[in-house]
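Observations on the model geometry
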Amino acid sequence: MGSLITGFYRDCSLNAAERLELHFEDMSIPISIQELNEWTKDQSENNSELATWLSLLGFESRESLSKFLQETFSKDKDMALELLQSWYGRKMFEEVVELFHLDKNESGEGIFNHLVQFLQSKNEDTVLDFIKHLPAEVIHVDLDGMVKVANILRKELKRKQKLVSDLEQISLTSESHSLELITENQIQESIFESVIFDVPHRSKPISIEIWRPSLDAMQRSSLIVLMPGLGGDINHFRWLARSLSHNGWSVVVLQHPGSDSSSVKALLDGRLPAPGLEVIPDRLEDLRAVLNGIENGSIKAPGENLILMGHSLGALTAFIAAGAEPHATLNENCSESGDDFFLTNLSELLQCQLVDVSLPIQKEIPNLSAIVGINSFGSLVWPRNSSEKISVPVFLTGGTFDLVTPALSEQLGLLLSTKTNNLSRVLLIDGASHFSPIRVRDSVDKKISDDVFKLDQSLVGIHPLSVQSVLAKEIIRFLANFEKGEIISPSTNLVRNDVKFHILDRKIIKKLLRN
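A brief structural summary. All of these numbers come straight from a predicted model, not from anything done at the bench.

Things to note about the overall build of the protein chain
- Secondary structure summary: the protein chain contains 19 helices and 14 strands in total.
- For the protein chain, the proportion of its 515 residues judged to be buried stands at 55%.
- Surface summary for the protein chain: the accessible area is close to 23800 Å², and the carbon and sulfur share equals 50%.

Shown next, in the form of structure tokens:
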């Protein structure tokens with residue numbers, strides 16, 4: 001959001017802002033923008049009134065504040081403009097702009113329009129330029145609101161820390177696992193079929209990959225259809241499709257044009273706006289077309305029963321396709337959640353877009369036998385006990401470092417929204433993030449691509465390959481037990497390859513959420 005907040009341009013010949021008014025409790029602190037400009041350039045120590053106010057407000061370092069005010073963000077302008085003009089970017093802007101208003105106008109429309117003008121300009125402007133050229137005499141800044149945001153972030157951090165602490169206090173160990181699995185380092189070949197598949201609702205075909213069971217693997221009764229998340233790609237989940245197929249399952253992986261990695265790349269290049277939940281109807285139709293193809297034999301993938309599997313938005317698509325309609329209280333839930341900002345749960349922004357999305361009527365999937373959701377979300381769409389149309393076993397996975405779909409609100413809460421099923425479980429991995437399941441480097445194919453999900457470790461979380469190993473093994477264990485009708489015992493504080501994880505049932509989840 002830095003490039004969005006700092007980006008703004010207006011011709012200097014027009015009226016420019018004269019002062020900032022910082023509102024804190026019952027105080028209003030006026031700061032002359034001209035004096036602020038001079039203060040950033042004056043390297044000498046002084047005891048001016050401005051210096052005193054800035055010190056009281058926590059800006060004790062002239063050097064760091066001056067550097068911030070003179071920072072440029074010109075490299076990000078094209079991307080920022082497209083993000084700003086998307087549904088997601090506009091909502092994030094609305095969250096931030098509530099803390100500012102120009103003169104007596106509390107609407108953010110003026111800031112938005114001029115911000116667009118700035119992002120369209122080729123000038124290399126600074127944060128201070130943004131402030132100076134806002135179209136108002138006075139810029140009002142709500143410091144109380146900023147404190148509220150800081151408190152919300154602090155509260156969310158404490159919730160995450162308490163979740164980890166509570167899990168450490170629960171001592172549950174299950175019997176040793178006797179399941180024979182083929183692990184990824186035992187897989188030498190990579191066998192799949194790439195298919196260009198015509199779908200009636202699109203002008204161009206979609207790409208799918210079909211992974212069939214290895215000849216020497218135990219033949220399973222279920223077929224898996226796997227859907228990547230928003231900005232996700234077939235390539236990102238080959239590691240999982242490979243492991244599943246070598247353990248006996250047929251897997252069909254979908255590519256969703258318009259919300260795949262090429263769409264995110266177009267956003268990064270400044271060519272297209274970021275996709276939001278307006279892509280859900282097309283994704284549902286993609287899935288329906290593929291299921292019809294499997295049924296009529298044009299897609300040859302063996303399996304009597306169907307398992308829907310998805311990452312993030314792919315998991316949400318699976319829930320909707322399975323008959324879980326958005327709850328009647330979605331609009332109300334969004335209003336209440338928005339009062340506390342969406343900054344601690346970015347998925348809530350997407351969930352609230354469903355209010356304005358017309359979903360196609362979903363036909364029953366008669367052979368649906370289970371749903372696997374990786375970093376799933378839906379706490380506002382389906383409050384507790386509200387998606388009881390989902391009666392099949394559900395296996396949801398998440399991480400304690402997920403800042404997009406936080407485990408407490410999303411995976412744990414989402415499982416409680418489904419109908420009670422003794423086979424349903426949540427896999428929670430310490431230190432894993434929303435991006436841990438996405439692989440941009442394939443340890444078997446030895447390929448490294450110029451991928452939009454090449455993220456810094458601070459966003460990906462701990463040891464993504466080790467996390468993916470835990471994910472693959474536990475998903476396979478759940479599926480194998482579920483096909484035999486056997487329950488996986490809940491377990492906490494398990495460690496594999498230096499990764500700690502927990503298998504949680506409904507009883508433990510209720511206890512964690514009560515705490």
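Here the narrative resumes.
Topic: the environment of Val127
- Among the structural elements, Val127 can be located in helix 8 (residues 127-132).
- Sequence separation of Val127 and Glu71 is 56 residues, and the distance between their C-alpha atoms is 6.0 Å.

Re the sheet that holds strand 2 (residues 27-32)
- Strand order in the open sheet formed by four strands is 2-1-4-3, with mixed pairing between adjacent strands. With one partner strand each, in any of the chains shown, strand 2 and strand 3 (100-102) form the two edges of the open sheet. When strand polarity is set aside, the average angle formed by the axes of neighbouring strands in this sheet is 20°.
- In this structure, strand 1 (residues 19-24) lies alongside strand 2, joined through six bridges in antiparallel fashion. When the sheet's bridge partners are listed, His23 is paired in strand 2 with Ser28.

Brief notes about the side chain of Thr405
- Within the fold, Thr405 resides in the loop between strand 11 (394-399) and helix 16 (408-417).
- Exposure remark for Thr405: the relative accessible area of 1% places this residue in the buried category.
- Of note is the side chain of Thr405, whose polar atom sits 2.5 Å from the side chain of Asp402.
- If we ignore the near neighbours within four places in the chain, the residues touching Thr405 are Asn345, Ser347, Asn375, Ser376, Phe377, Glu410, Gln411 and His434.

Points about the sheet that holds strand 8 (residues 250-254)
- Judged by pairing direction, the sheet is mixed, and its ten strands sit side by side in the order 5-6-8-7-9-10-11-12-14-13 without closing on themselves. A single partner strand is all that each edge strand has here, and the edge strands are strand 5 (193-197) and strand 13 (491-496). Strand-to-strand twist in this sheet, taken as the mean axis angle between neighbours without regard to direction, amounts to 20°.
- Relative to strand 14 (residues 499-504), strand 13 runs antiparallel, the two being bridged by four bridges. In the strand pairing of strand 14, Leu494 is matched with Phe501.
- Sitting on the sheet, helix 13 (residues 313-321) is in contact with strand 7 (222-227), strand 9 (305-311), strand 10 (368-374) and strand 11, with an inclination near 145° to strand 9.

Quick word on the pattern of salt bridges
- Counted under the stated rule, the structure contains twelve salt bridges.
- The partner of Arg212 in a salt bridge is Glu193, with the nearest N and O atoms 2.9 Å apart. With Arg212 in the loop between strand 6 (206-211) and strand 7 and Glu193 in strand 5, this residue pair connects regions lying 19 residues apart in the sequence.
- Glu474 is the partner of Arg496 in a salt bridge, and the nearest nitrogen-oxygen pair spans 2.9 Å. With Arg496 in strand 13 and Glu474 in helix 18 (residues 464-483), the pair connects residues that are 22 residues apart, well separated along the chain. Across the pair, exposure class does not vary: Arg496 and Glu474 are buried alike.
- One salt-bridge network, held together by shared partners, links Glu156, Arg159 and Lys160.

Focus on a positive patch on the surface
- Residues Arg384, Lys507, Lys510, Lys511 and Arg514 make up a contiguous surface patch of positive charge.
- Within the fold, Lys510 resides in helix 19 (residues 506-514).
- We classify Lys510 as partly exposed; its relative accessible area is 37%.

Let's talk about the state of the cysteines
- Inspection of every chain in the model, using the stated rule, returns one disulfide.
- A disulfide bridge connects Cys334 with Cys352, and the sulfur atoms are separated by 2.1 Å. Measuring handedness by torsion sign, the sulfur bridge of Cys334 and Cys352 sits at about -110° and is left-handed. Pair noted here: Cys334 is in helix 14 (residues 330-338) and Cys352 is in helix 15 (residues 347-353), with a separation of 18 residues, a long-range link. Across the pair, Cys352 and Cys334 agree in class, each one buried.

A few points about the pairing of strand 11
- Taken across its six residues, strand 11 has six buried, putting it largely inside the fold.
- Where burial is concerned, the two faces of strand 11 agree: the one with Val394, Leu396 and Gly398 and the one with Phe395, Thr397 and Gly399 are both buried.
- Sheet topology note: the strand 10/strand 11 ladder contains four bridges and is parallel. Each residue of the ladder has a partner; that of Val372, found in strand 11, is Phe395.

Considering helix 7 (residues 109-120)
- Compared with an ideal rise of 1.5 Å per residue, which puts twelve residues at 16 Å, helix 7 spans 17 Å between its outermost C-alpha atoms and is within 8% of the ideal.
- Along helix 7, the residues that are buried comprise Ile111, Phe112, His114, Leu115, Val116, Phe118 and Leu119.

Describing the packing of aromatic side chains
- Tallied over the full model, the rule gives four aromatic pairs.
- Ring plane angle 15° and centroid distance 4.7 Å describe the contact between Phe395 and Phe478, whose orientation is recorded as stacked. Residue Phe395 is found in strand 11, and its partner Phe478 is found in helix 18; the two are separated by 83 residues along the sequence.
- Among the residues examined, Phe478 registers a relative accessible area of 1% and is labelled buried.
- A network of ring pairs unites the aromatic residues Phe395, Phe478 and Phe482 as a single cluster.
- The positively charged end of Arg220 is found above the aromatic ring belonging to Trp249, 4.3 Å away from the centroid.

Here's the deal with the nonpolar core
- By size, the foremost hydrophobic cluster in this structure holds 63 residues, and its most contacted members are Phe197, Ile208, Val225, Val252, Val290, Leu308 and Leu504.
- Here this core takes seven residues from helix 12 (residues 280-296), the largest share from any one element.
- In contact with Val225, other than residues within four places in its own chain, are Val252, Leu254, Leu287, Leu291, Ile294, Leu306, Ile307, Leu308 and Met309.

Conventions adopted
Residues numbered from 1 in each chain as written. Predicted model: local features only at pLDDT ≥ 70, side-chain atom pairs only at ≥ 80, totals over all residues. Heavy atoms only, no water. Helix = DSSP H or I, 4+ residues; strand = E, 2+ residues; numbered from the N terminus. Buried < 20%, exposed > 50% of the residue type's maximum accessible area, 1.4 Å probe, protein only. Areas by Shrake-Rupley, 256 points an atom, 1.4 Å probe, with all protein chains shown as cover. Pairing = 2+ DSSP bridges. Axes fitted to C-alpha atoms, helices over the stretch in contact; angles between N-to-C directions. Polar contact = N/O pair within 3.5 Å; in protein donor to acceptor, adjacent residues only side chain to side chain. Contact = heavy atoms within 4.5 Å. Salt bridge = Lys/Arg side-chain N within 4 Å of Asp/Glu carboxyl O. Patch = residues over 30% accessible without salt bridge, like charges linked within 9 Å, V, L, I, M, F, W, Y side chains within 5 Å. Lys, Arg positive; Asp, Glu negative; His and termini not counted. Charge placed at Lys NZ, Arg CZ, Asp CG, Glu CD. Disulfide = S-S within 2.5 Å. Expected span 1.5 Å × (residues − 1). Phe/Tyr/Trp six-rings, centres within 6.5 Å; stacked < 30°, edge-to-face > 60°. Lys NZ or Arg CZ within 6 Å of the ring centre and 35° of its normal. Core = buried A, V, L, I, M, F, W, Y, C linked by side-chain atoms within 4.5 Å.

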